[in-house]
Amino acid sequence: MSDKGWVRTLKGQVSDLSGLTFKTDDQLGFTFFAETTSKLLLFATNGKFYSLDVAKLPGGRGHGEPIRMFIDMEQDAAIVSLFVNKGGRKFLIASHEGQGFIVNEDDCVGNTRKGKQVLNVEMPNEARAIATVAGDTGAVIGENRKMLLFPIDQVPEMTRGRGVRLQKYRDGGLSDVATFDSGEGFTWKDSAGREFAATTKELAEWRGTRADAGRLAPKGFPKSNKFGRGVE
């Protein structure tokens, strides 16, 4: 799917996407492998999850079709993430104001084009980030480049709501979230796809309690203020 929401499928295990063309001022947004029988989940800035059937999506010729042809998503809503619905996972979802909670993937699946409201937000606040829960530690970074690590068990599991405060901000809001196993250390990717790793010991000064302000991100952290992880 392109940045501006044009979706298409390419038959076969296509790994080289360099030949794809897009409309003017558009580019590749999300790409992943799926089966014809797969169901997809789209998480939008309005806090809703939308379910899609891969079999109903257009083939790879041309630029595809607008995603809004398949779901009833408001014009002022944008796409946070798109991924294959595998079932059984847990996600950490968060709003721009820094509120969030853990939700079971199965509780995100809806049966209508209007989607399923999971994260309660009101503009100008919006849903901002999602990450698969894998490990005992949550990570959050703000637009102010301050990063905070905290025990993931400090975040409740819910089916719907605003959630709890993940990080405190004086200016700006939340940029991204991630989770990791403290025993294995933390990795993140920069805009070029290069991976950086740090041990729990090296990250000691960023460890704290949920709702703390955090500290400036480590040297070399991506300028995008993104962990580059998302749904894995």
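The paragraphs below set out a description of the structure included in this document. Residue indices follow the written sequence of each chain, beginning from 1 at its first position. Where local features are concerned, this predicted model is filtered to residues with pLDDT of at least 70; where side-chain atom pairs are given and counted, the filter is 80 or more; whole-chain, interface and lining totals use all residues. Computation of side-chain values covers all heavy atoms of the structure but excludes hydrogens and water.

As a further point, take the overall build of the chain. Secondary structure counts use DSSP, requiring at least four H or I residues in a row for a helix and at least two E residues in a row for a strand, with both numbered from the N terminus. What the chain contains, in helices and strands, is zero helices and 16 strands. Two things to know: the radius of gyration comes from C-alpha atoms, and the globule rule equals 2.2 Å times the number of residues to the power 0.38. By the compact-globule yardstick of 17 Å for 232 residues, the chain fits well, its C-alpha radius of gyration being 18 Å. In terms of its C-alpha atoms, the chain occupies a principal-axis envelope of roughly 50 × 35 × 30 Å. Per-residue accessibility, obtained with a 1.4 Å probe over protein chains only, is compared with the maximum for each type, and a residue is labelled buried under 20%, exposed over 50%, and partly exposed between these values. Within the chain, the proportion of its 232 residues that are buried is 43%. Long-range pairs, those at least 24 residues apart, make up 71% of the contacts in the chain between residues at least 6 apart in sequence. Note on areas: Shrake-Rupley, 1.4 Å probe, and residue coverage restricted to the protein chains presented here. Surface summary for the chain: the accessible area is close to 12200 Å², and the carbon and sulfur share equals 47%. The charge count includes Lys and Arg as positive and Asp and Glu as negative, but it does not include His or the ends of the chains. Charge positions are represented by NZ for Lys, CZ for Arg, CG for Asp and CD for Glu. Positive and negative side-chain charges in the chain, numbering 33 and 30 respectively, have mean positions lying 2 Å apart. A contact between two residues is defined here by any heavy atoms of the two lying within 4.5 Å.

Quick look at the sheet that holds strand 11 (residues 146-151) now. Adjacent strands of a sheet pair through backbone hydrogen bonds, lying either parallel or antiparallel. Pairing between strands is defined by DSSP: at least two bridges between them are needed. A sheet is described by the order of its strands in space; here four strands give the open sequence 13-10-11-16, paired in antiparallel fashion. Of all strands in the sheet, those with a lone pairing partner are strand 13 (174-180) and strand 16 (215-216), marking the two edges. For strand 10 (residues 137-142) and strand 13, the ladder comprises six bridges, and the chain directions are antiparallel. The residue bridging Ala139 from the neighbouring strand is Ala178, located in strand 13.

Next up on the list: the packing of aromatic side chains. Here the aromatic set is Phe, Tyr and Trp, taking the six-membered ring for Trp, and pairing holds for ring centres within 6.5 Å; pairs whose planes are under 30 degrees apart are stacked, those over 60 apart are edge-to-face, and all others are tilted. Scanning all chains against the criterion turns up seven aromatic pairs. Between Phe83 and Phe91, the aromatic rings sit 5.3 Å apart at their centres with planes inclined by 70°, giving edge-to-face as the arrangement. Look at Phe83 and you get buried, because its relative accessible area is 5%. Each ring, one from Phe221 and one from Phe227, has its centre 5.6 Å from the other, and the planes form 80°; the classification is edge-to-face. Here the two residues Phe221 and Phe227 agree in accessibility, since each one is buried. Site record: aromatic cluster; members linked through ring pairs are Phe180, Phe186, Trp188, Phe221 and Phe227. For the cation-ring pair, Arg8 lies above Phe22, with the distance from its terminal atom to the ring centre recorded as 4.8 Å. Definition used: whenever NZ (Lys) or CZ (Arg) falls within 6 Å of the ring centre and also within 35 degrees of the ring normal, the charge is taken to sit over that ring. Above the face of the Trp6 ring, Lys23 is positioned so that its terminal group lies 4.5 Å from the ring centre.

A 1.4 Å probe that fits but cannot get out identifies a cavity on a 1 Å grid over protein atoms alone, an open set with protein on both sides within 12 Å along at least five of seven lines counts as a pocket, and a residue lines either if it has an atom within 4 Å of a point. Grid points are joined across faces, edges and corners, and a volume is the space filled by probe spheres set on the points. Under the counting rule described, the total for this entry stands at one cavity of 30 Å³ or more. Approximately 40 Å³ is the volume found for the largest cavity. The wall of the largest cavity is formed by Ser2, Trp6, Arg8, Phe22, Lys23, Asp26 and His63. Side-chain classes are defined by residue name, with Ala, Val, Leu, Ile, Met, Phe, Trp, Tyr, Cys and Pro counting as nonpolar, Asp, Glu, Lys and Arg as charged, and the others, Gly among them, as polar. Residues that form the lining of the largest cavity fall into these classes: two nonpolar, two polar and three charged.

Further remarks concern the side chain of Ser81. Within the fold, Ser81 resides in strand 5 (residues 79-84). Residue Ser81 is classed as buried on the basis of its relative accessible area, which comes to 8%. Residue contacts for Ser81: discarding those within four places in its chain leaves Phe30, Leu41, Leu42, Phe43, Ile130 and Val231.

Attention shifts here to the pattern of salt bridges. By definition, a salt bridge exists where a carboxyl oxygen of Asp or Glu is found within 4 Å of a side-chain nitrogen of Lys or Arg. Applying the stated criterion across every chain yields a total of 10 salt bridges. Where Asp72 meets Arg113, a salt bridge forms, and the shortest distance between an N and an O atom there is 3.0 Å. With Asp72 in the loop between strand 4 (65-66) and strand 5 and Arg113 in the loop between strand 7 (99-104) and strand 8 (116-117), the pair connects residues that are 41 residues apart, well separated along the chain. A relative accessible area of 37% means that Asp72 is categorised as partly exposed. Owing to a relative accessible area of 40%, Arg113 belongs among the partly exposed residues under this scheme. Among the ionic pairs, Glu157 bridges to Lys90, the shortest N-O distance being 2.9 Å. Of the two residues, Glu157 is situated in the loop between strand 11 and strand 12 (164-165) and Lys90 in strand 6 (residues 90-95); the sequence distance between them amounts to 67 residues. Judged by its relative accessible area of 44%, Glu157 is partly exposed.

The topology assignment puts Ala129 in strand 9 (residues 127-132). For Ala129, a relative accessible area of 1% corresponds to the buried category. For the pair Ala129 and Ser175, spaced 46 residues apart in the sequence, the C-alpha separation amounts to 7.2 Å. When near neighbours in sequence (up to four residues on either side) are disregarded, Ala129 contacts Phe43, Val80, Leu92, Ile93, Ala94, Leu174, Ser175, Asp176 and Val177.

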